[in-house]
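Listed below, chain by chain, are the residues.
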Amino acid sequence: MNSSGNKILVTGGASGIGLGMAARFLQEGNTVFICGRRQSALDEAARAHPGLITHACDLSREDGRFELYEWVATTHPDLNVLVNNAGIQQWMRVTDLDFFERAKEELATNIEAPLHLTSLFLQLPSLTTIVNVTSGLAFSPLAQVPVYSATKAFFRSFTQSLRHQLKARGVEVIEAIPPALNTDLGGKGLHDAYPPVSDFIDAIFAQLKEGKNELTFGFSEAMRTAGPEQLQAAFARMNPEAK
Ligand SMILES: NC(=O)c1ccc[n+]([C@@H]2O[C@H](COP(=O)([O-])OP(=O)(O)OC[C@H]3O[C@@H](n4cnc5c(N)ncnc54)[C@H](OP(=O)(O)O)[C@@H]3O)[C@@H](O)[C@H]2O)c1
């Protein structure tokens, strides 16, 4: 994708990785829209990065996705880049009594939402690029976040098929694959020990400029290129036997 002159929607763009991408896109001369559920987070992001255009939405709901699409199609029908970044991460055990309720929420946000948005936004003739945010856990799961890890494996697989299907139409499909980074994903404090989002953003924007379509950093590059033995070793490292 060109580095400037785009009209870009970043879902979940008011915090963490989404905000990092939105701010860099803005800085590089793009028009950038962000959406999320918390109006306060959207307002704070817009204050910190004047120029960001915000829209509140709940993407776990089908009507929320339709409403977001209608808003864009009516007010900015020349949008050309969709970044499917919004996601949630639930730390849980399959024996928890609320397991299935929480799993459904995770499936709606991490899978149904980006699939539905992809299908809706492809109705815009202007669409040239879709960026899907997956995870290093797409390659090897962290058992403490069992459904989350599976949603990311699903999303990586879907992204590969999507890229293949859209080639003939000339729509570029890019996968951004973060390793664990210091954001509030899954709850405050859980990711404090990990690298800052800014390191990831520097790395993936350099790769975007090189024309790469799988954007990685650190652990996620190691996972993307790992063979079966390395994947097994990664699983064992991340999931030590219960004592
Ligand atoms: N941080 C990591 O270690 C890491 C590693 C690999 C992949 N990722 C992926 O990176 C993406 C961004 O995560 P992050 O780490 O930046 O965490 P984050 O700061 O919690 O960002 C997630 C964003 O998604 C939005 N969101 C969640 N549910 C939503 C919904 N139903 N409707 C609309 N927006 C919703 C949140 O905004 P509201 O709460 O206001 O709705 C928030 O801005 C996710 O897909 C995540 O899986 C993160």
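So, here is what we can say about the structure in this document. (Residues numbered from 1 in each chain as written. Predicted model: local features only at pLDDT ≥ 70, side-chain atom pairs only at ≥ 80, totals over all residues. Heavy atoms only, no water.)

## Some details on the side chain of Arg156
- For Arg156, the position within the fold is in helix α5 (residues 146-166).
- Overall, Arg156 belongs to the buried group, its relative accessible area being 13%.
- Beyond its immediate sequence surroundings of up to four residues, Arg156 is in contact with Thr134, Ala138, Phe139, Glu175, Ile177 and Glu214. (Helix = DSSP H or I, 4+ residues; strand = E, 2+ residues; numbered from the N terminus. Buried < 20%, exposed > 50% of the residue type's maximum accessible area, 1.4 Å probe, protein only. Contact = heavy atoms within 4.5 Å.)

## A word on the state of the cysteines
- This structure, assessed with the given rule, holds zero disulfides.
- Unpaired in terms of disulfides, Cys35 finds its nearest cysteine sulfur in Cys57, a separation of 3.3 Å.
- For Cys35, a relative accessible area of 1% gives the class buried. (Disulfide = S-S within 2.5 Å.)

## Describing the site of the ligand
- Not every one of the 28 residues close to the ligand is listed here, only the nearest: Arg37, Arg38, Asn85, Tyr148 and Thr183.
- Between the ligand and Gly12, the relevant distance is 3.3 Å, taken from an oxygen atom to a main-chain nitrogen or oxygen of the residue.
- Taking His191, its side chain carries an N or O atom lying 3.4 Å from an oxygen atom of the ligand.
- For the ligand, whose accessible area on its own is 880 Å², the fraction buried by protein is 95%.
- Those elements that provide at least two residues to the shell around the ligand are α1 (16-27) and α5. (Near = heavy atom within 4 Å. Polar contact = N/O pair within 3.5 Å; in protein donor to acceptor, adjacent residues only side chain to side chain. Areas by Shrake-Rupley, 256 points an atom, 1.4 Å probe, with all protein chains shown as cover.)

## A word on the sheet that holds strand β3 (residues 53-56)
- Spatial strand order, β3-β2-β1-β4-β5-β6-β7: seven strands in an open sheet with parallel pairing. With one partner strand each, in any of the chains shown, β3 and β7 (214-215) form the two edges of the open sheet.
- Against the sheet, helix α3 (residues 62-75) contacts β1 (7-11), β2 (31-36) and β3, and its axis sits at roughly 150° relative to β3.
- Along the sheet, helix α4 (residues 99-121) contacts β1, β4 (81-84) and β5 (129-133); its crossing angle with β4, the most-contacted strand, is approximately 175°. (Pairing = 2+ DSSP bridges. Axes fitted to C-alpha atoms, helices over the stretch in contact; angles between N-to-C directions.)

## Concerning the pairing of β2
- Taken across its six residues, β2 has five buried, putting it largely inside the fold.
- Looking at chain direction, β1 and β2 are connected through five bridges and run parallel. Bridge pairing links Lys7 to Thr31 in β2.
- Chirality of the crossover, the property in question, places the unit of β1, α1 and β2 among those that are right-handed.
- Bridge count between β2 and β3: four bridges; the pairing is parallel. The residue of β3 that forms the bridge with Phe33 is Ile53.
- In this region the chain leaves β2, passes through helix α2 (residues 39-48) and returns to the parallel neighbour β3; the handedness of that crossover is right-handed. (Right-handed = clockwise from strand over helix to strand, strands pointing away.)

## Digging into the pattern of salt bridges
- All told, the structure shown has twelve salt bridges when counted by the stated rule.
- Two residues, Glu214 and Arg224, come together in a salt bridge whose shortest N-O distance is 3.1 Å. Here Glu214, found in strand β7, pairs with Arg224, found in helix α7 (residues 219-224); they are ten residues apart in sequence, far enough to count as distant.
- Owing to a relative accessible area of 15%, Glu214 belongs among the buried residues under this scheme.
- Look at the salt bridges and you will find they share partners, linking Arg156, Glu175, Glu214, Glu221 and Arg224 into a network. (Salt bridge = Lys/Arg side-chain N within 4 Å of Asp/Glu carboxyl O.)

## Brief notes about the packing of α4 against α5
- Running from amino to carboxyl end, α4 crosses α5 at an angle of 15°, the nearest separation of the two axes being 10 Å. Taken together, the axes of α4 and α5 are roughly parallel relative to one another. Our pair here, α4 against α5, has a crossing hand that is right-handed. Contacts between α4 and α5 pair Phe99, Ala103, Glu106, Leu107, Asn110, Ile111, Pro114, Leu115 and Thr118 from the former with Val147, Tyr148, Thr151, Phe154, Phe155, Phe158 and Leu162 from the latter.
- Residue composition of the contact of α4 with α5, grouped by class: twelve nonpolar, three polar and one charged. (Parallel < 35°, antiparallel > 145°, perpendicular 65-115°, else oblique. Left-handed = near helix turned anticlockwise from the far one by under 90°. Nonpolar A, V, L, I, M, F, W, Y, C, P; charged D, E, K, R; others polar.)

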